[in-house]
Each structure stands twice: as C-alpha cells, then as structure tokens.
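Commentary on secondary and tertiary structure
Listed here are the chains, written in short residue letters.
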Amino acid sequence: MKSMSCYKHNLFADANIMLVFVAIFSYCFQFPFRMLSSLIVPSTLGLLIINFKSVVYKFNFQIFGFYSLFCIYIGICMLNAGFHGTDFVRILRFFTILVSIPLFFNIQFSERIKITIYNFFIFFSVIKSLVIIGIEIWCITTDGWEIMRRWCFEHNLGDVYPSSYFIYKIQIIGNPLILFAFIMHFTKTNKFDFVTLILLSGVVFVGNFAFLLGLFGFFTYRIYRILISQKNRRGYFTPIVFFFFALFFMLFLLFTLKQTREKSDYSNVVRIQQIRALIDCNFFLGEGLGNYIKVNAGLRQYDGDIYFELQTFYIFNQIGIIGLILFYLLTIYQCYWIENVKFEKVALYLIYLLYSFWNPYCFDSTQMLVILFLGNFDLGGINHEHNLSCNSILSK
C-alpha cells in the first residue's frame, strides 16, 4: 500500500515536471518552431488542472475572500459582455485568463520539482539567449538583417532590425521570459557568472525598451538593498555605491531620451493612438470581457484584435479601473504571502509588472509562468548538495 502511494506521488511529480518542461521549451523555442506555440496554453493550464485540489487547499481565509470578490466582479463583467453581444468564445477566453492567473500563486512544488524546473528554465533561457546572440553576430558580420527580417515576417516569427547603437534588435517571439530568467539567476547567485552574462547579453540584444526599463528597475532595487544593508551595518551609505547608482541613472536617462526621440515618428504615435482607442470605454466598469475593438486609430486599424502593444489598457477596456485595481491588489497580496521573504518576492513581481505593462507580456501564459517560477523560487538559494546548476548542465 505504501509503495502504491509512493508510486502515485512520483507519477504526480513526473507529470508536473513534464508539463513545466513542455511549457518552457515551447515558449522559448517558438522561434524557429512556430508550431510549438500551440502547446504553451494547454501545458500551462494543465499544471493548474492537475494541481487544482492543492491550489484550493492552499487558500487562506483572507486571500480566498479577496479572490471570491474578484471572481464575482469578473462574473459581472461577463454579464456585461453578454449584454453587449460579445462572442462567447472571446468572453470565455478572458474569463479563463483572469481567474486563472491568481491561482498560479498556490501551485507549490516539492523541493525536487523546484530544483528541476529552475534548471530547465535557466538552461532553456541560456540556449534562447545564445540563439539571439548568434543572430546578432550574423547580422553584424554579414549585414544580412533584411533577409532575416523578411524570413521572420513570412513565418510570423517576430522582427529583426538595426538600431542607432551599431547593434541589431532581435525581437523574435519567445523572448519575454529571458529577462525574468536573468533576474532569477542573478538574485540567486548574486554574481556575474557565465550564465548571468549570457542571459544579460540576450536581454540587451533583444533591444526592447521595456526590457531595459526592467533592467533599470531591477538594478535600482539591488542598489537600494545594498545601500540599506550598508546603512544598517555601518550607519552610513557607501559613497562608491551611491556614485555608481547616480552614474547608472544618468546613463539610463540619456538613453531614454534618445530612444524617445528615435521612436517619436511612429512607435510612440501608435501607442498614443492605441491608448486613446482603448480608454474610450466605461472608466469604472469597462465594456465587458472580450470587448470587440473596431476603430480606425490613424496609423493602425483595429478590428477584433485580442493582443495589443499595451495589453494592460485592453484589459482596462474590458474590466475598468475597478477590476484592474482588484487584480493588482489581489496578486500583490498573494505574492506577499508566498513565504517568509515577502518583500523580495513582491519587489521582483513589481519589476515584472513594470516592464510587462508597456508590452503584451501580461495577462496571458507569460504571467502565469512568471508567477509559477516566482512562487517556487527560493531566494535563499536551493540546497547546494542537490542543486544542478546551469553551469554544470552546459559543461556536460
């Protein structure tokens, strides 16, 4: 009887590992294997389904009450969408997304599974970064970026184009998790090792301004922690650290101003027009789940789109400011109660929200996976004797 129970436990653990493996692998390697994208949502939601019993049991009274209030509100948004005649499939899609995301905070794995999925995540993110670096080197050495760009457009794989910094922006699909992989690995190791540098290079060569904003937010937080630590230990701020923080801030400010000027001709105009189209709704309650946007916004026309550069504003269009505030308060509160390192977990989650706000990297499987990793990520480091680091994986 005991062996049968052990067998079921191992089978359950293997199923979790397999689903996480499929989700991460499919996410990272949508480029060049576009068909893998169809596996991301089923594998991610599969994790929620097989862990649903433990997810329910892990609710405490306060969070369950908060989550119930949020679900009731989303139910009202469903009815609102129905009254507007919104297609049921669109309603169901966004209902599933919004009520599922908070539940991923309650998926807590055993130590063995945590170690395995951490190494999967970092290893695949390193491979993804090496692909980005390889494309960058190929574009620089051959000046064949137009060929790569055309191929990406033909196969719906993203975009590759030059910037004014003598590098190319490698904005292919499957990039969004690289930055969070860098944040996780650097937080765990607290040093610039080979893996950290590869991940950081991948983030830089993506060239996404939101990524660089996320890096700035992360390093600002790290410097803040150093300053607080030095103050508590010695009673004063370290001048050298403060100098580097000021230098880093000035360089980032100059870069931001230059990027803003470069993008003002098209990208910023598109975003402003998009915001105007998406905030044309009931400010407090929104227009209901899956609201159909059909508008000529000037440079672009929107006709039933479900993904926008500013995805958060589309969610606002559906559930209003009340729903958006409820969602953020609920998820931040859940993040706070994950474990005893509450402030650090909330800080990393806020950094993710900072850089995903300006891109469609939120309110989908990306946010589900980020929450899954965050909830199972040991900030104090995984037990050393059991840890198979990415360095050891790469050396084999």
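Keep in mind that what you see is a predicted model, and the values were worked out from it rather than measured. (Residues numbered from 1 in each chain as written. Predicted model: local features only at pLDDT ≥ 70, side-chain atom pairs only at ≥ 80, totals over all residues. Heavy atoms only, no water.)

Side note on a nonpolar patch on the surface
Taken together, the side chains of F283, F284, L285 and I322 define a hydrophobic patch exposed on the protein surface, amounting to about 380 Å² of accessible area. Relative to the elements of secondary structure, F283 occurs in the loop between α12 (267-278) and β3 (294-296). (Patch = residues over 30% accessible without salt bridge, like charges linked within 9 Å, V, L, I, M, F, W, Y side chains within 5 Å. Areas by Shrake-Rupley, 256 points an atom, 1.4 Å probe, with all protein chains shown as cover. Salt bridge = Lys/Arg side-chain N within 4 Å of Asp/Glu carboxyl O. Helix = DSSP H or I, 4+ residues; strand = E, 2+ residues; numbered from the N terminus.)

Here's the deal with the nonpolar core
Nonpolar side chains in soluble globular proteins tend to be buried together. Counting residues in each nonpolar core, the largest one holds 113 residues, and the members touching the most others are F121, F180, F182, L289, Y349 and F363. Sorting elements by how many residues they give to this core places helix α6 (residues 111-142) first, with 11 residues. (Core = buried A, V, L, I, M, F, W, Y, C linked by side-chain atoms within 4.5 Å. Buried < 20%, exposed > 50% of the residue type's maximum accessible area, 1.4 Å probe, protein only.)

Quick look at helix α15 (residues 365-375)
Taking burial as the measure, the 11 residues of α15 include 11 buried ones, the bulk of the element. The set of residues buried in α15 consists of S365, T366, Q367, M368, L369, V370, I371, L372, F373, L374 and G375. By the N-cap criterion, in which a side-chain oxygen at the helix start approaches the backbone nitrogen of a residue two or three places on, α15 is capped by D364, the distance to T366 being 3.0 Å. (Polar contact = N/O pair within 3.5 Å; in protein donor to acceptor, adjacent residues only side chain to side chain.)

Structural notes on the environment of R225
Within the secondary structure layout, R225 lies in helix α10 (residues 209-234). R225 gets classed as partly exposed once you look at its relative accessible area, which sits at 34%.

Let's talk about the confidence of the model for the chain
A residue-level look at the chain finds 81% of positions with pLDDT of 70 or above and a mean pLDDT of 85. Across residues 381-396, confidence stays below pLDDT 50; counting only partners more than four residues off in sequence or on other chains, it has 31 contacts. (pLDDT = per-residue confidence, 0-100. Contact = heavy atoms within 4.5 Å.)

Observations concerning unusual backbone geometry
Residues other than glycine predominantly adopt negative phi, and peptide bonds predominantly adopt the trans conformation. In this model, F31 is joined to P32 through a cis peptide bond whose omega is 5°. Looking at where P32 falls in the secondary structure, it is placed in the loop between α1 (2-28) and α2 (40-50). If you check the backbone angles, N190 has positive phi at about 60° while not being a glycine. Assignment of secondary structure puts N190 in the loop between α8 (177-189) and α9 (194-206).

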